[in-house]
Amino acid sequence: MTVAEEAEKYGLHRVGARPSLVDYLKQTWNRRTFIYELAKARLQSQNERNRLGMVWVVLKPTFNALMYGFIFGILQGGKKGADYPVFVVIGVFLFEFFTTSMNGGAKSITGNAALVQSLAFPRLSLPVAQVTQNFLTLVPMLGVMFLYALLLGTSPKWTWFVIIPLVLLFSIFNMGIALICARITVHIRDFTNILPLIGRVLFYTSGVLFSVDRILSEFPWLVTAFDYHPLYQTLSIARSMIMDNGVPDPRAWLVVVIWSFATLAFGLVYFWKAEERYGREN
């Protein structure tokens, strides 16, 4: 009888062996308090290092909205629309949540090498804590975003409450992206050098600063392609609910739902498959 067979006979398991996906998720759920406290502690620590503290949470996207809105507003001329300031604020504030989740998730394992190598716990906890931290940051940002919308002439509407399920779906999508990037970065450290470029490309191609229907009206096939763009559709739904008091195309919701859950499902399996390798790779 081999050692492996002997161990199996007495119910012994290899140290650090990857559990089943169901058990893995259960173990992560049992550490939900740790995940939340870690996210909250890191958020507080991050703000304590800055003189203005939490103010920077809203100052950064505000400055980005002012800068990009001014530059691209001039470049677009009459095509930008009368409600362009609100249009840009919504796009920049929500896209900030995506980029911080993608970049933070990519470093969630490699940036915690000592923790990963010294303690036994589901490594899924780290990227989940990162996205949770970003979600906690997003909450005050949303409040300021609505305040800016009011100051810029948008009237409050009952449809503003639709931002709640939309942000939840967006969080699910961002979680999947964070998990995918976390594993890629473990195997390819140089990926962190490429991420800023990827983020910038997505920023300029997701309709954050321009209306696809207005700018690309001469290319109907390209406008149609944006119907399947998850980031663009997320921003479109938010804008239609906040600015227009309209009901977005149900297909937009369907695209966001499918992308969100498909990305999370793939990200979970992809990340879980390499669970045994994270401590060794670091």
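A. A look at the layout of surface pockets. Considering only enclosed or pocket space, the second largest pocket measures out at about 670 Å³ in volume. The wall of the second largest pocket is formed by 27 residues, among which Asp213, Asp227, Tyr232, Gln233 and Ser236 lie closest to the centre. Residue assignment for the lining of the second largest pocket shows that the elements contributing at least two residues are α10 (212-215), α11 (220-225), α12 (230-244) and α13 (250-273). Considering each element in turn, the lining of the second largest pocket owes the most residues, eight residues, to α12. Taken together, the residues that form the lining of the second largest pocket break down as 14 nonpolar, five polar and eight charged.

B. Representation of the packing of helix α5 (residues 84-106) against helix α9 (residues 191-205) within the structure. Contact geometry of α5 with α9 gives a least axis separation of 11 Å together with a crossing angle of 160°. Relative to α9, the element α5 is oriented roughly antiparallel. Relative to α9, α5 is oriented so that their crossing is right-handed. Between α5 and α9, the contacting residues are Val92, Phe95, Phe98, Met102, Asn103 and Ala106 on the first element and Leu195, Ile198, Gly199, Leu202 and Phe203 on the second. Taken together, the residues that form the contact of α5 with α9 break down as nine nonpolar, two polar and no charged.

C. Structural context of the pattern of salt bridges. Per the counting criterion, the structure on display carries one salt bridge. Residue Glu37 is joined to Lys40 by a salt bridge in which the shortest nitrogen-to-oxygen separation is 3.7 Å. With a gap of three residues between them, Glu37 and Lys40 both fall in helix α3 (residues 32-48), about one helical turn apart. On the basis of relative accessible area, Lys40 is assigned to the partly exposed category, the value being 28%.

D. Highlighting the packing of aromatic side chains. Applying the stated rule across the entire model yields 13 aromatic pairs. Here Phe95 and Phe98 contribute two aromatic rings whose centre-to-centre distance is 5.5 Å and whose plane-to-plane angle is 50°, an arrangement assigned as tilted. With Phe95 and Phe98 both in helix α5, this residue pair falls three residues apart, about one helical turn. Neither Phe95 nor Phe98 differs from the other in exposure class; each is buried. One aromatic cluster is present, formed by Phe95, Phe98, Phe173, Phe203, Tyr204 and Trp259 through successive ring pairs. A cation sits over an aromatic face here: Arg183 above Tyr270, 4.3 Å from the ring centre.

Criteria and thresholds
Residues numbered from 1 in each chain as written. Predicted model: local features only at pLDDT ≥ 70, side-chain atom pairs only at ≥ 80, totals over all residues. Heavy atoms only, no water. 1 Å grid on protein atoms, 1.4 Å probe; cavity = no way out; pocket = protein on both sides within 12 Å on 5 of 7 lines; lining within 4 Å. Points joined across faces, edges and corners; volume = space filled by probe spheres on them. Helix = DSSP H or I, 4+ residues; strand = E, 2+ residues; numbered from the N terminus. Nonpolar A, V, L, I, M, F, W, Y, C, P; charged D, E, K, R; others polar. Axes fitted to C-alpha atoms, helices over the stretch in contact; angles between N-to-C directions. Parallel < 35°, antiparallel > 145°, perpendicular 65-115°, else oblique. Left-handed = near helix turned anticlockwise from the far one by under 90°. Contact = heavy atoms within 4.5 Å. Salt bridge = Lys/Arg side-chain N within 4 Å of Asp/Glu carboxyl O. Buried < 20%, exposed > 50% of the residue type's maximum accessible area, 1.4 Å probe, protein only. Phe/Tyr/Trp six-rings, centres within 6.5 Å; stacked < 30°, edge-to-face > 60°. Lys NZ or Arg CZ within 6 Å of the ring centre and 35° of its normal.

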